[in-house]
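These are the residues of each chain, in order.
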Amino acid sequence: MPKGTYKVQVNYLGYYSIVETIILNKKITKNFKLEEESESLDEIVIKSNIEKLNVKTPQMSVNRLTSATIKQIPVVLGEADIIKSLILLPGVTSAGEGASGFNVRGGAADQNLILLDEAVVFNSSHLFGFFSVFNPDVIKDVKLYKGGIPSKYGGRLSSVLDIYQKEGNSNDFKLTGGIGLVSSRLLAEGPIEKGKSSFLIGGRASYAHLFLPLFNNENKAYFYDLNSKINYRFNDQNNLFLSTYFGKDVFGISDNFVNKYGNSVVNLRWNHLYSDKLFSNLSIIYSDYFYGLILDFVGFEWDSGITNFNLKYDFKHYINNDFKLSYGISSIYSKFNPGKIVPNRPDSGIIAEKLTDKYANEFASYIDAEHTLSDKLRVQYGIRFSNFTRLGQDELNVYKDNKPVLYDTEFKKYKAAEAIASDSFKRSDVISSFNNFEPRFSLSYTLDDQTSIKASYNRMAQYLHLLSNTSSPAPLDVWTPSGKYIKPQLLDQFAIGYFKFLKDGDYSIETEAFYKDIQNRIDYINGANLVANNEIETVILNGKARAYGLEILVKKNQGKLKGWLAYTLSKSEQLTAGRTLNEPGINDGEWYNTPYDKTHDFSINASYELNKKWKFNTNFVFQTGQPTNYPVGQYEVQSLNVPIYNDNSRNSDRLPAYHRLDISATLNPEKNNKRKWQAEWVFGIYNVYGRQNAASVNFSQNRETSRNEAVQTAIFGLVPSVTYNFKF
Amino acid sequence: MNKIFLLSVLMSFFFIRCEKVIDIEVPSIEPKLIIDASFEVLFDQTPVTSNNSVKLRLSADYFDDTIPVVTDATVFLTNLSDNSIISFTDENTDGDYEPVDSFTPLDGVAYELTVIHNNEIYKAKATKIKSSKITSIVQGEKTLFSGEEVELKISFKDDEAMKNHYLINVDRYNYLPIEDRYFNGSDYNFSYFYEDENIEFPKTIDIKLSGITQEYFTYFRILIGQSGQNAGGPFQSAPSSLLGNIINTTNEANFPLGYFHISETDTFKIELVE
């Protein structure tokens, strides 16, 4: 930069902006300390809002939410929830209430890369999907990439949900917390050594089991999570961060049935400035997902999981104002435990069995450039090279003609082949190896200061597959690596968009169209048993998927009334053709809807600040019903009444449309002005008009009347809630 | 372990769920022939007897109140070791065909079932599958999910020399297919939770343990899943037509539904008390 006087503005989502005038006559490194926005200081008008669209950068298909926004959105039982908030944005849906995970642009739930302080989180839900695992107090901000994904990210096809935990306040000790109907939260933060180091520790625990009258003392059902972050500043050039997350769910019915699962994540990150133009981050990350089950009435214990170690080194290089580079390398070593079964009592009669562990390493290197070509044209381009290596394991099955799945032409069904041999390898052996170049490209062309057109293309490779044949993942679903029998999933996505600010940025309009093409999306043969299956390759068929759609997001960014209106029109389909002409594949080899295909998805979120004391918030959601299958007939076998399903119309029926309205009111008591203790009450009503939204329709015979019925189950009717949040 | 069942039950415990019967228009198809032929050889009785009924029905629209019976078919069995024919007849014209002369399937003999209906010939083969004897069944005190279940502690000795599949049938309507993968050769015991909303004690129920083929095990697992299948909801998996082991040799496309199977079956009666 040439010498002179500069105005430096520092903005960060959820924090006050800093504007400082710097006279540049020598080399300066300057650190800025941002102060978190607090709601009690609302008389300061903040014009910079990072949730707001950036018209000029080439980055498109990205949505950001702050912790403050997430906390205001009305949700069931008042549990502020990142994932339920994301679902209000265009292109993001879930399989319904109580469904875990989320779907981005017609992608599967296992295609989302969820990063918490850069560490991969495998399970994002508590209580089978009713709540998400992220404590809203601990979160700094959330960024969701739906397309145009920079080459820094890889390993999942559909999206990147990049979540950062806050750093502890390095000047004062502070407590933040909340008491809700389902859970309570408490967060402590403060300096360890003033100006040098700080800590943050946040915990959340549920007590649903204490007041659910259905339970007597023998039963348990709870979740908890613990987040922490410690940072230490050696000097202006060197910072060290330690982030951890630990979460667990426990559910039990007497001693007969106990179910536990959870994630653990640790990241140690060294942030180093080589110069004022070259920044670096070196991270060592450990991540673990565990699932355990005790079934006393059958006499066994079960556990499964995935553990990985990740070493990565990322650089940001500011070459000049018009050209910035990001580059780095990453290596992830993973161990998969598909399951272990052991007798849980001496008289059980169960014989212990260990499903074969699998090992893999995923290496990646990338380079990404942000390049301003002219005032109007900006591009971001890069490439990621990924290599996935399946490492040696015991007992890798060998099948005749290399075909683990057979087609029985006589009885017209797929069935598992019997292994003819099995190979054992040394851990250092390479069983299979895959290489992929993943180009990424995006551009923005500004028509004027307020308007731009953007386009992007990205290719992604995904080497892990979540084995799940239900419409949303369940905690006991197991991850499996690509290898000899399962190929990596590959995606090509194209997106184009039109972005516009109205009234000097008070309003914004974002319109995007996307098309996605996915190779090697797996599906399962009829009646496939995915639980405790040591020969999972014998129930898997290889197919492909595609999705396309149109997204519109209209936002009001300023004023007393803020919010957005989002609409998505899309289609998400899968195709599993027969491997030869004699085989039908799935659905007669025709395209079929994925279980998360939603034609229309419309949502409104609005907040209105009446005065300093009261703030109101509302959501309205309308979605096409989830794809399903209705029976085409019935018969009886062995006294059981059985519905008949068609083989060539998979997922072509629909549950009734889903819609609901939620409201909430936030009370900021006047007493707050005169004291350090800051409190707020959030009152909410979920599903105001009490719509019985179908979570499922169950076809079965009523035993008393011997008549067949379609029984619709709705999970939440009208649900009122109250939450108390505090800070001091 | 049935994941779908497990998770649906778990979910129902957490939140206030509202269930209601709704009207849904379902598509219909041309009726299909249903052949329900699961023979049971009661090997622990003296003399050994067997249940050899072939039930012929037509499929109906899902919400129809009656399932039509087929009384005009020709049904016979061929002993494939000596090509002798065992004729079946529908004496009560209720669609249930029984052997004309008393008949008990023999060990190690393959039988072929032939059904001729509307000039189309349907065929299937089966050989009797060994079972094990029930060692004991006692009523226990525990409950599972609803608190209303009756615990049945079932034990039997598995045959180590064979890979066994079993079908447990409790009080006619309740089935549990199991495989000996985790208890091969052991004295296996487990608790079955029997539930009958309108139970009046004391109640005597029958429990059957049948030896089945691996194919019938898979078939039955899907059958049970579909007969109480959840359509929609996070834990649904897409159902599809469930073909058994019977083929239409005249017109392949008009495949029948149902199964032909011969098992050894041990029975046990227990009186349940409060």
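What counts and how
- Residues numbered from 1 in each chain as written.
- Chains lettered and ligands numbered in written order.
- Predicted model: local features only at pLDDT ≥ 70, side-chain atom pairs only at ≥ 80, totals over all residues.
- Heavy atoms only, no water.
- Helix = DSSP H or I, 4+ residues; strand = E, 2+ residues; numbered from the N terminus.
- Rg over C-alpha atoms; globule rule 2.2 N^0.38 Å.
- Buried < 20%, exposed > 50% of the residue type's maximum accessible area, 1.4 Å probe, protein only.
- Contact = heavy atoms within 4.5 Å.
- Areas by Shrake-Rupley, 256 points an atom, 1.4 Å probe, with all protein chains shown as cover.
- Salt bridge = Lys/Arg side-chain N within 4 Å of Asp/Glu carboxyl O.
- Buried area = accessible area lost by both parts, 1.4 Å probe.
- Nonpolar A, V, L, I, M, F, W, Y, C, P; charged D, E, K, R; others polar.
- Pairing = 2+ DSSP bridges.
- Axes fitted to C-alpha atoms, helices over the stretch in contact; angles between N-to-C directions.
- Phe/Tyr/Trp six-rings, centres within 6.5 Å; stacked < 30°, edge-to-face > 60°.
- Polar contact = N/O pair within 3.5 Å; in protein donor to acceptor, adjacent residues only side chain to side chain.
- Expected span 1.5 Å × (residues − 1).
- Patch = residues over 30% accessible without salt bridge, like charges linked within 9 Å, V, L, I, M, F, W, Y side chains within 5 Å.
- Core = buried A, V, L, I, M, F, W, Y, C linked by side-chain atoms within 4.5 Å.
- Lys, Arg positive; Asp, Glu negative; His and termini not counted.
- Charge placed at Lys NZ, Arg CZ, Asp CG, Glu CD.
- pLDDT = per-residue confidence, 0-100.

S.K.: Looking at this model, I keep getting lost on the overall build of chain B. Mind explaining?
M.R.: Broken down by element type, chain B carries 2 helices and 18 strands. The C-alpha atoms of chain B give a radius of gyration of 20 Å, which matches the 19 Å a tight globule of 274 residues would have. When its C-alpha atoms are laid out on the principal axes, chain B stretches across 55 × 50 × 35 Å. Classification of the 274 residues of chain B by burial places 53% in the buried group. Taking the contacts inside chain B whose residues are at least 6 apart along the sequence as the reference set, 65% of them involve residues at least 24 apart. For chain B, the exposed area adds up to about 12600 Å²; of that, 47% sits on carbon and sulfur atoms.

S.K.: Quick question: what am I supposed to make of the overall build of chain A here?
M.R.: From N to C terminus, chain A includes 3 helices and 47 strands. Computed over the C-alpha atoms, the radius of gyration of chain A is 26 Å, within 12% of the 27 Å expected from 2.2 N^0.38 for a compact globule of 728 residues. Relative to its 728 residues, chain A shows a buried fraction of 59%. When contacts within chain A are restricted to residue pairs at least 6 apart in sequence, long-range pairs at least 24 apart make up 64% of them. For chain A, the computed accessible surface area is about 28700 Å², with 56% contributed by carbon and sulfur atoms.

S.K.: Mind showing me how you'd approach the pattern of salt bridges here?
M.R.: For side chains bearing opposite charge, pairing can occur when the charged atoms are close. Under the defined criterion, the tally for this structure stands at 41 salt bridges over all chains. With a closest N to O distance of 2.7 Å, R233 of chain A and D236 of chain A form a salt bridge. What makes R233 of chain A partly exposed here is its relative accessible area of 30%. Residue D206 of chain B is joined to K269 of chain B by a salt bridge in which the shortest nitrogen-to-oxygen separation is 2.8 Å.

S.K.: I tried to follow the interface of chain A and chain B on my own but got confused; where do I start?
M.R.: The interface of chain A with chain B comprises 97 residues on the first partner and 89 residues on the second. Interface area for chain A against chain B, summed over the two sides, is near 8500 Å², with a carbon-plus-sulfur share of 59%. Inspection of the chain A/chain B interface yields 4 salt bridges. When the shortest N-O distance is used, the salt bridge between D296 of chain A and K142 of chain B registers 3.1 Å. Secondary structure elements with two or more residues in the side of chain A that touches chain B: strand 16 (238–253), strand 17 (257–273), strand 18 (278–295), strand 39 (627–628), strand 40 (633–637), strand 41 (640–644), strand 45 (694–702) and strand 46 (707–714) of chain A. Per element, the largest residue contribution to the side of chain A that touches chain B is 8 residues, and it comes from strand 46 of chain A. Per-class residue counts for the side of chain A that touches chain B are 49 nonpolar, 32 polar and 16 charged. Of the strand pairs in this sheet, strand 46 of chain A and strand 1 (residues 18–21) of chain B are connected by 4 bridges, and their pairing is antiparallel. Paired with Q712 of chain A across the two strands is K20 of chain B, which belongs to strand 1 of chain B.

S.K.: For this particular structure, what's the right way to read the sheet that holds strand 11 (residues 150–157) of chain B?
M.R.: Sheet strands associate in pairs through backbone hydrogen bonding, adopting either a parallel or an antiparallel arrangement. All names here are of chain B. Taken in spatial order, the 3 strands line up as 10-11-14 in an open sheet, and their pairing is antiparallel. Whereas interior strands pair on both sides, the edge strands pair on one side only; in this sheet they are strand 10 (134–140) and strand 14 (187–194). Each strand of the sheet is rotated relative to its neighbour by a mean of 20°, with strand direction disregarded.

S.K.: Would you explain the packing of aromatic side chains in this entry?
M.R.: Each aromatic ring pair is specified by the distance between its two centres and by the angle formed by the two planes. All names here are of chain A. Taken as a whole and judged by the stated rule, the model has 46 aromatic pairs over all chains. Seen in terms of ring centroids, F602 and F620 are 6.4 Å apart; in terms of plane orientation they differ by 65°. Their pairing is edge-to-face. Taken together, the residues F602 in strand 37 (residues 600–609) and F620 in strand 38 (residues 614–623) connect sequence positions 18 residues apart. Given the relative accessible area of 24%, F602 is considered partly exposed.

S.K.: What should I look at first to understand the side chain of N725 of chain A in this one?
M.R.: Residue and element names in this part refer to chain A. Along the chain, the position of N725 falls in strand 47 (residues 719–727). Taking relative accessible area as the criterion, N725 reaches 9% and is therefore assigned buried. In terms of polar contacts, N725 uses its side chain to reach the side chain of R185, at 2.6 Å. Leaving out residues up to four positions away in the same chain, N725 has contacts with G177, G178, R185, Q678, A679, E680 and V682.

S.K.: Please explain helix 2 (residues 214–227) of chain B as it appears in this structure.
M.R.: Turn by turn, an α-helix covers 3.6 residues, leaving residues three or four places apart pointing in a common direction. With 14 residues, helix 2 of chain B should cover 20 Å at 1.5 Å per step; its first-to-last C-alpha distance of 20 Å lies within 8% of that length. For helix 2 of chain B, every residue scored as buried is listed here: Y216, F217, Y219, F220, I222, L223, Q226 and S227 of chain B.

S.K.: Hey, could you run me through the environment of K340 of chain A in this one?
M.R.: All names here are of chain A. Mapped onto the secondary structure, K340 falls in strand 20 (residues 323–343). Since its relative accessible area comes to 34%, K340 is described here as partly exposed. Sequence spacing of K340 and G292 is 48 residues, and the spatial spacing of their C-alpha atoms is 9.5 Å. Not counting residues within four places of it along the chain, the set of residues in contact with K340 comprises E301, W302, D303, E353 and K354.

S.K.: I keep staring at a nonpolar patch on the surface and nothing clicks. Help me out?
M.R.: Together, I192, I230, L242, V266, L268, I284 and L311 of chain A make up a nonpolar patch on the protein surface, roughly 560 Å² of accessible area in all. Here I284 of chain A shows up in strand 18.

S.K.: Looking at this model, I keep getting lost on the environment of G392 of chain A. Mind explaining?
M.R.: Residue and element names in this part refer to chain A. Relative to the helices and strands, G392 is located in the loop between strand 23 (377–391) and strand 24 (396–398). Residue classification places G392 among the buried residues on the basis of a relative accessible area of 0%. Between the C-alpha atom of G392 and that of A109, which follows or precedes it by 283 residues, the distance is 29 Å. Setting aside residues no more than four positions away along its own chain, G392 makes contact with Y359, F425, K426, R427, D429 and I431.

S.K.: Is there a simple way to think about the nonpolar core in this case?
M.R.: The nonpolar side chains of a soluble globular protein tend to be buried, and buried together. Counting 67 residues, the largest nonpolar core has L152, F156, V170, F190, Y194, I205 and I207 of chain B as its most contacted members. Residue contributions to this core peak at 5 residues, all from strand 14 of chain B. Those residues in contact with F156 of chain B that sit more than four places away from it in its chain are S132, K133, I134, T135, Y166, I178, F183, S186, D187, Y188, F190 and L209 of chain B. Formed by 43 residues, the second largest nonpolar core is a distinct cluster that contains L65, L88, I163 and A695 of chain A.

S.K.: Please explain a negative patch on the surface as it appears in this structure.
M.R.: Negative charge collects at one region of the surface, where E704 of chain A together with E148, E195 and E197 of chain B lie side by side. If you trace the backbone, E704 of chain A turns up in the loop between strand 45 and strand 46.

S.K.: Teacher, can you tell me more about the confidence of the model for chain B here?
M.R.: Low-confidence regions, as indicated by low pLDDT, have predicted coordinates that should not be scrutinised in detail. All names here are of chain B. Of the residues in chain B, 91% reach a pLDDT of 70 or more, and the chain-wide mean stands at 88. Low pLDDT, under 50, characterises residues 1–15; the stretch is placed with 50 contacts to residues that sit more than four places away or in other chains. Interface confidence for the predicted complex, given as ipTM, is 0.90, next to a pTM of 0.88.

S.K.: Would you mind going over the sheet that holds strand 6 (residues 112–116) of chain A with me for this structure?
M.R.: Ordered by their spatial adjacency, 5 strands build an open sheet running 3-10-11-6-7 (chain A), and the pairing between neighbours is mixed. The open sheet has two free edges, formed respectively by strand 3 (62–66) and strand 7 (119–120) of chain A, since each of these has just one partner strand.

S.K.: Explain the confidence of the model for chain A here, please?
M.R.: Residues and elements named next belong to chain A. Averaged over every residue, the pLDDT of chain A is 88; the share at 70 or more is 93%. Overall, residues 38–48 carries pLDDT values under 50, and its contacts beyond four positions in sequence, including any with other chains, amount to 20 contacts. This model gives residues 213–217 a pLDDT under 50, and the stretch forms 4 contacts once residues within four places in sequence are excluded.

S.K.: Explain unusual backbone geometry to me, please; I cannot follow it from the model alone.
M.R.: When glycine is set aside, most residues are seen to have a negative phi, and most peptide bonds are trans. With an omega of -10°, the peptide bond running from T46 of chain B to P47 of chain B counts as cis. The topology assignment puts P47 of chain B in the loop between strand 2 (33–42) and strand 3 (49–51). Residue P202 of chain B is bonded to the preceding F201 of chain B through a cis peptide linkage, with omega at -10°. Relative to the helices and strands, P202 of chain B is located in the loop between strand 14 and strand 15 (203–212). The backbone of S706 of chain A shows a phi angle near 55°, a positive value even though the residue is not glycine. Here S706 of chain A lies in the loop between strand 45 and strand 46. One non-glycine residue with positive phi stands out, namely N83 of chain B, at about 60°.

S.K.: Where do I start with the environment of F190 of chain B in this structure?
M.R.: Within the fold, F190 of chain B resides in strand 14. The exposure class assigned to F190 of chain B is buried, which follows from its relative accessible area of 6%. Distance from F190 of chain B to V170 of chain B, taken between C-alpha atoms, is 14 Å for residues 20 residues apart in sequence. Residues within four places of F190 of chain B in sequence aside, it is in contact with F297 and V298 of chain A together with L152, K153, I154, F156, I168, L176 and I178 of chain B.

S.K.: What am I meant to see in the side chain of R57 of chain B here?
M.R.: Residues and elements named next belong to chain B. Residue placement: R57 occurs in strand 4 (residues 54–58). Among the residues examined, R57 registers a relative accessible area of 15% and is labelled buried. Polar contacts involving the side chain of R57 include one to the main-chain carbonyl oxygen of G95, which spans 3.4 Å. If sequence neighbours within four positions are ignored, R57 has contacts with K32, L33, I34, I67, P68, V69, V70, D94, G95 and D96.

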